[in-house]
Amino acid sequence: MAAESQSQKKSYCIVGDVYRGVMIVPKELDLSPTKDLMHHQINLQLKFPDVGRAFTNFTRTREVGEFLSGALAGAMTKAVLAPLETIRTRMVVGVGSKNIGTSFIQVIEQQGWKGLWAGNTINMLRIIPTQAIELATFECVKRAMNSAQEKWINTGNPKLQIGNASMSFSLSWLSPVAVAGAAAGVAGTLACHPLEVLKDRLTVNPEVYPSLCIAVHKIYKEGGIGGLYAGLGPTIIGMLPYSTCYYFMYETMKKSYCQAQKKKSLSRAEMLLIGAFSGLTASTISYPLEVARKRLMVGALHGKCPPHMVAALSEVIRDEGLLGLYRGWGASCLKVMPSSGITWMFYEAWKDILLADRRHVLQ
């Protein structure tokens, strides 16, 4: 009985409160720190997101890599070829000499060596987003078209049933490369046309538009927002055949050459040559529309602006004959051929760098 009574005994402890009072509680309910709890450590760590890793993963996605590759390729190309762009623009709109060499001399005499890079700042600001948007759009639309064609071949073309009549839609007759090329040209034009207008004004008439800020202010004051989109319709009309032919020729020649040589990819020199030839072909086909487009965009500077593209073409033929439609074509080829060749070479090179770890997936 004594043992049983001892086992039933409870132990108590004394706990002080904040008012220095004393309270007796069972030892099992003692909340005061024990030796074991004193040695127990509670670690609270705040984990911040790894911004660097997230950015790296973002830039290594296919679409972003193609966008950045286009931007870098366009910037590097324009930095090298700015003088030829200046001469080409002057000859197309009829400013100065009709001879390439003489035109170079005139620019240097009137404005110094810096005159060859007149408008190059706005040109760089224009080409970086334009080239990035164009090439990224081209790649994206091309993949989407190829995927849609394969899907429709496997599942059957969609059909439209109207009463007893049935109509089947097919994409097999469309070239994914041609559609992607046209989409690339339209997307780039819509996004960056105001920069093209500013570049032409700074190049053709630097006395009236000595700086970018003054050019923006004057154009907006004279025509509002619409002034920055002057010639948009003719630009898109002229861009469609050029852009479609340009991308179609490059992709077709690249694929045919690789098949003939039994190669999986082109060397840098081969990219340069094929890109240059695709630019030459596209420029030759669409050059009359380019002449008319430039006339419409800068016609106001000379006090005469044709009402539309057909009128501009008629005016050129009437004043200069059919050869007038190709005025400045030589300078344009000297600019377009190296520009397109170098652009494709840099573009493919930057894709190899930025998408190196995804190469096996892309193939």
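Predicted, not measured: the structure shown is a model, and the values here were computed from it.

Peer 1: Any chance you could explain the overall build of the protein chain here in plain terms?
Peer 2: Secondary structure summary: the protein chain contains 13 helices and 4 strands in total. Every one of the 363 residues in the protein chain was classed for burial, and the buried ones make up 40%. Considering only contacts within the protein chain whose residues lie at least 6 apart along the sequence, 71% involve residues at least 24 apart.

Peer 1: Got a minute to help me understand the packing of helix α7 (residues 176-204) against helix α8 (residues 212-228) in this structure?
Peer 2: For any two helices packed against each other, the geometry comes down to the angle between their axes and how far apart the axes lie. Contact pair α7 / α8: the axes reach a minimum separation of 11 Å and the direction vectors enclose 125 degrees. Between α7 and α8, the angle falls in the class oblique. α8 is crossed by α7, and the crossing has right-handed handedness. Contact residues: α7 offers H193, P194, V197, L198, R201 and L202, while α8 offers L212, A215, V216, I219, G227 and L228. Within the contact of α7 with α8, the residues separate by chemical class into 9 nonpolar, 2 polar and 1 charged.

Peer 1: Is there a simple way to think about the environment of I153 in this case?
Peer 2: Here I153 is to be found in helix α6 (residues 120-155). Separated by 19 residues in sequence, I153 and S172 have C-alpha atoms that sit 8.5 Å apart.

Peer 1: Explanation requested: the pattern of salt bridges in the structure shown.
Peer 2: A pair can form between side chains of opposite charge whenever their charged atoms are brought close. Within the structure shown, the criterion is met by 13 salt bridges. We note a salt bridge from E66 to R62, for which the minimum N-O separation is 3.9 Å. With E66 and R62 both in helix α4 (residues 62-92) and 4 residues apart, the pair spans about one turn of that helix. For E66, a relative accessible area of 3% puts it in the buried group. Here D319 and R318 are joined by a salt bridge, their closest N and O atoms 3.8 Å apart. Given a relative accessible area of 49%, D319 falls into the partly exposed group. Relative accessible area serves as the criterion here: at 60%, R318 is assigned to the exposed category. Salt bridges sharing common partners tie together E139, K142, E251, K254, E348 and K351.

Peer 1: Would you mind showing me how to read the packing of aromatic side chains here?
Peer 2: Describing an aromatic ring pair means giving the distance of the ring centres and the angle of the ring planes. Taken as a whole and assessed by the stated rule, the structure comprises 8 aromatic pairs. Pairing Y242 with Y246 gives two aromatic rings, centres 5.6 Å apart and planes at 10 degrees, and the pair type is stacked. Here the residue Y242 and the residue Y246 both occupy positions in helix α9 (residues 232-261), the gap between them amounting to 4 residues, near one helical turn. Residues Y246 and W344 carry aromatic rings whose centres are separated by 6.1 Å and whose planes lie at 40 degrees to one another, so their mutual orientation is tilted. One end of the pair, Y246, is in helix α9; the other, W344, is in helix α12 (residues 329-354), and 98 residues separate them in sequence. On the basis of relative accessibility, which here comes to 1%, the residue W344 falls in the buried class. By the ring-pair criterion, three or more aromatic residues cluster together here, those being F138, Y242, Y246, Y247, Y250, W344 and Y347. A cation sits over an aromatic face here: K218 above Y209, 5.8 Å from the ring centre.

Peer 1: Explain the packing of α6 against α12 here, please?
Peer 2: It is at 13 Å that the axes of α6 and α12 come closest, and there the two elements cross at 70 degrees. Judged by the angle between their axes, α6 and α12 are roughly perpendicular. Crossing hand, α6 versus α12: right-handed. Of the residues in α12, those touching α6 at Q131, L135, F138 and E139 are T343, W344, Y347 and K351. Partitioning the contact of α6 with α12 into residue classes produces 4 nonpolar, 2 polar and 2 charged.

Peer 1: For this particular structure, what's the right way to read a nonpolar patch on the surface?
Peer 2: A cluster of nonpolar side chains, namely F67, L68, L72 and M76, defines an oily patch on the protein surface of about 290 Å² accessible area. Here F67 is to be found in helix α4.

Peer 1: Mind showing me how you'd approach unusual backbone geometry here?
Peer 2: Apart from glycine, the bulk of residues carry a negative phi angle, and the bulk of peptide bonds sit in the trans form. Positive phi, normally seen in glycine, also occurs at K262, with a value near 55 degrees. Relative to the assigned elements, K262 resides in the loop between α9 and α10 (268-298). For K262, a relative accessible area of 78% gives the class exposed.

Peer 1: Looking at this structure, how should I read α9?
Peer 2: One turn of an α-helix holds 3.6 residues; hence residues three or four places apart share an orientation. Along its 30 residues, α9 runs 42 Å from first to last C-alpha, staying within 8% of the 44 Å computed at 1.5 Å per residue. Of all bends in α9, the biggest is about 30 degrees, found at M239, and the proline P241 comes one to four residues later. All buried positions along α9 are accounted for by P234, T235, G238, M239, S243, C245, Y246, Y247, M249, Y250, E251 and C258.

What counts and what doesn't
- Residues numbered from 1 in each chain as written.
- Predicted model: local features only at pLDDT ≥ 70, side-chain atom pairs only at ≥ 80, totals over all residues.
- Heavy atoms only, no water.
- Helix = DSSP H or I, 4+ residues; strand = E, 2+ residues; numbered from the N terminus.
- Buried < 20%, exposed > 50% of the residue type's maximum accessible area, 1.4 Å probe, protein only.
- Contact = heavy atoms within 4.5 Å.
- Axes fitted to C-alpha atoms, helices over the stretch in contact; angles between N-to-C directions.
- Parallel < 35°, antiparallel > 145°, perpendicular 65-115°, else oblique.
- Left-handed = near helix turned anticlockwise from the far one by under 90°.
- Nonpolar A, V, L, I, M, F, W, Y, C, P; charged D, E, K, R; others polar.
- Salt bridge = Lys/Arg side-chain N within 4 Å of Asp/Glu carboxyl O.
- Phe/Tyr/Trp six-rings, centres within 6.5 Å; stacked < 30°, edge-to-face > 60°.
- Lys NZ or Arg CZ within 6 Å of the ring centre and 35° of its normal.
- Patch = residues over 30% accessible without salt bridge, like charges linked within 9 Å, V, L, I, M, F, W, Y side chains within 5 Å.
- Areas by Shrake-Rupley, 256 points an atom, 1.4 Å probe, with all protein chains shown as cover.
- Expected span 1.5 Å × (residues − 1).
- Bend = angle between axes of the 7 residues up to and from the residue.

All quantities given are derived from atomic positions and should not be read as evidence of function.
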